[in-house]
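# Analysis of the macromolecular model
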Amino acid sequence: MQKNSSISLTEGKLFPTLIKFALPIFFALLLQALYGGVDMLIIGRFATTNDVSGVATGAIVLQTITNFIVGLSMGVTVLVGQYIGQKRKEEAGKAVGTGIIIFALLSILLTLILTFGASTITTLMKAPLEAYAQTNAYIRICGIGSVFIVAYNLIGSIFRGMGDAKTPLITVAIACVVNIVGDLILIAGFKMGAAGAAIATVGAQGVSVILSLLLIQRKELPFSFQRKDIRIDKELIISELKIGAPLALQNFLLGISFVVIQMIVNTINMIASAGVGVAEKICMFIMLIPIAFMQTISSFTAQNLGAKQVDRAKRALRYGILSSLFLGSIMAFFAFFYGDLLSAVFTKDLAVIGASHNYLKAYAIDTLLVSFIFCYIGYFNGAGKTFFVLLQGLVGSIIIRIPAAYLISRIPGATLFHIGLANPISTAVQIVLCIIMYLKINHTYERSL
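In short, a report on the structure. Nothing here was measured: the structure is a model prediction, and the numbers come from that model.

### Some words on the overall build of the protein chain
A tally of helices and strands in the protein chain yields 17 helices and zero strands. Relative to a compact globule of 449 residues, whose C-alpha radius of gyration would be 22 Å, the protein chain shows 21 Å and is just as compact. Judged by the C-alpha coordinates and their principal axes, the protein chain covers about 60 × 45 × 35 Å. Residues counted as buried form 58% of the 449 residues belonging to the protein chain. Sequence separation of 24 or more characterises 85% of the internal contacts of the protein chain that already satisfy a separation of 6 or more. For the protein chain, the accessible area works out to roughly 18,200 Å², and carbon and sulfur atoms hold 70% of it. Taking the average place of the 33 positive charges on the side chains of the protein chain and the average place of its 19 negative ones, the gap between the two points comes to 5 Å.

### Focus: the nonpolar core
By size, the foremost hydrophobic cluster in this structure holds 129 residues, and its most contacted members are Ile69, Phe103, Leu317, Tyr379, Phe380 and Leu416. The greatest single-element share of this core, amounting to 17 residues, is contributed by helix H2 (residues 49-85). Setting aside residues no more than four positions away along its own chain, Ile69 makes contact with Phe103, Leu106, Leu110, Ile149, Val150 and Asn153.

### Examining the layout of surface pockets
Remark: the empty space left among the atoms is shown by a probe the size of a water molecule rolled over them. Of the pockets and cavities examined, the largest pocket occupies roughly 560 Å³. Listed by contribution, the elements that provide at least two residues to the lining of the largest pocket are helix H3 (89-116), helix H6 (146-161) and helix H8 (193-217). For the lining of the largest pocket, the element with the most residues is H6, which contributes six residues. Considering only residue class, the lining of the largest pocket consists of 17 nonpolar, two polar and no charged. In this model, the second largest pocket occupies a volume close to 380 Å³. Mapped by element, the contributors of at least two residues to the lining of the second largest pocket are H2, H3, helix H4 (118-124) and helix H9 (234-266). Tallied by class, residues from the lining of the second largest pocket come to 16 nonpolar, one polar and no charged.

### Some details on the pattern of salt bridges
Tallying each qualifying case throughout the model produces three salt bridges. For Asp233, the salt bridge is made with Arg231, and the minimal N-O distance between the two is 3.8 Å. With a relative accessible area of 38%, Arg231 lands in the partly exposed category. As a salt-bridge pair, Asp311 and Arg315 come within 3.3 Å of each other at their nearest N and O atoms. One end of the pair, Asp311, and the other, Arg315, are both in helix H12 (residues 310-337), four residues apart, so they sit about a helical turn from each other. We classify Asp311 as partly exposed; its relative accessible area is 47%.

### Observations concerning the packing of H6 against H8
Remark: H6 packs on H8, axes separated minimally by 9 Å, with the N-to-C direction vectors making an angle of 40 degrees. Taken together, the axes of H6 and H8 are oblique relative to one another. You can see that H6 and H8 cross each other, and the crossing is left-handed. Contact residues: Phe148, Ile149, Ala151, Tyr152, Ile155 and Phe159 in H6; Val202, Gln205, Gly206, Ser208, Val209, Ser212, Leu213 and Ile216 in H8. Here the contact of H6 with H8 is built from residues that sort into ten nonpolar, four polar and no charged.

### Here's the deal with the environment of Phe372
Inspection of the secondary structure assignment puts Phe372 in helix H14 (residues 350-382). The class for Phe372 is partly exposed, based on a relative accessible area of 29%. Note: C-alpha distance between Phe372 and Thr49 (323 residues apart in sequence) is 36 Å. Apart from the residues within four sequence positions on either side, Phe372 is in contact with Ile321, Leu325 and Ile431.

Thresholds applied
Per chain, residue numbering runs from 1 following the sequence as it is written. Per-residue local features are limited, in this predicted model, to residues with pLDDT of at least 70; the limit for side-chain atom pairs, both in listing and counting, is 80 or more; totals at the level of whole chains, interfaces and linings are taken over all residues. As a rule here, side-chain values cover all heavy atoms of the structure and leave hydrogens and water aside. In this description a helix means any DSSP run of H or I spanning at least four residues, a strand means any run of E spanning at least two, and both kinds are numbered starting from the N terminus. With the radius of gyration taken over C-alpha atoms, the globule rule is written as 2.2 Å times the number of residues to the power 0.38. Only protein chains enter the accessibility calculation, which uses a 1.4 Å probe. A residue is then buried if its area is under 20% of the maximum for its type, exposed if over 50%, and partly exposed in between. Should any heavy atoms of two residues lie within 4.5 Å, those residues are counted as being in contact. Accessible surface is estimated by sampling points in the Shrake-Rupley manner with a 1.4 Å probe; for residues, cover comes only from the protein chains shown. Charge assignment: positive for Lys and Arg, negative for Asp and Glu; neither His nor the chain ends contribute. Each charge is placed at NZ for Lys, CZ for Arg, CG for Asp and CD for Glu. What is meant by a nonpolar core is a set of buried Ala, Val, Leu, Ile, Met, Phe, Trp, Tyr and Cys residues, joined one to another through side-chain atoms within 4.5 Å. Any residue with an atom within 4 Å of a point lines the site, the site being either a cavity, points on a 1 Å grid over the protein atoms alone where a 1.4 Å probe fits but cannot get out, or a pocket, an open set with protein on both sides within 12 Å along at least 5 of 7 lines. Grid points are joined across faces, edges and corners, and a volume is the space filled by probe spheres set on the points. By the convention adopted, Pro, Cys, Tyr, Trp, Phe, Met, Ile, Leu, Val and Ala count as nonpolar, Lys, Arg, Asp and Glu as charged, and the other residues, Gly among them, as polar. The salt bridge criterion pairs a side-chain nitrogen of Lys or Arg with a carboxyl oxygen of Asp or Glu, the two atoms within 4 Å. Where helices are involved, their axes are fitted lines through C-alpha atoms of the stretch in contact, as for all axes, and angles between N-to-C directions lie from 0 to 180°. An angle below 35 degrees is read as roughly parallel, one above 145 as roughly antiparallel, one from 65 to 115 as roughly perpendicular, and any other as oblique. Here a crossing is taken to be left-handed if its near helix is turned anticlockwise relative to the far helix by less than a right angle, and right-handed if that turn runs clockwise.

Now the structure itself:
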């Protein structure tokens, strides 16, 4: 049996422990982002602009669904983390078993929707006519592999809850290599375009899941788990959904807002559609740092509040914000001033490069702001305040971002930069809401101690 690689987040010096836990999460996210990044890079070099647009539109749909799954899995992360913090090993195992039931049903549902509803989704996305077939194929093939997407994120949530960020890093690293090889063979070799990119992505996710299952069987787990724990436990289902469902819906609404922006851009022309698609791939990498800290703060908060160490959880939030802001400033600089060079990595079309850089300038501003919002969301997730996360997401995504993007797009002479400003505008509003909520719940914690 392997040595337990989980980290106790309730003990030791805070900042070193925070970084030690955040780094593997960041690199795992980085490698996972390479799935889509490599797809776009190889598509841009060895396929047509139609394929680029097809992968761009299809990937946004799949990313929205993946974000929904990640949000829902937070119910497992938080419960497992809290039970481990409270030294309740049997309850933690039961929480894992209940999560398996929930996500097995979800994988079946997603497979049916995406496989048989791909053409309807493609039409709703207003995919350019020239890229309709490529978009449809990408969504359908990824839909067939939904079970791997669901399983990968469930396993990752369990690892994060138990304080283990290293094992997912190992599995995703191997899977990333598989994806790159698959892309080169199917896209560059067999000229399969968007369909080849989808097959390579699904295959890589499958490898990641298999490796994770093999490794988890050999690990010394910080909780007890048996086959009988895989059952329907109404109380645990309600607890996990109470935490995860609001966050899943918040992530879904966030994704929908970006889907709508892509739809707006798709109505402009093929260059704008492909340009925003390339920019979104770059943004996946730019946003990795705040996302890594968000997941880190979630686990830190869950374990420390479970152990009644409120001050340690609050200090972790502050360190997370400062670290994310420092590193995010560097990413913002390159996105704003050298976005054309970054875009040129993914496509050789000069017009698409220009469109992508234009959109990235707005995202550079947002990169600074999300350093705050993502860490706050991580804190609220770990504290189980996911209903508030849903509410602030509803305000930012639906009430602010979508109307702002649409209204700006209707202004004569509006560019992709102007449309992209809808993102920092909505984030600024969400930060204000989060600060108010943070002050409120910490006042409650102080009174309860």
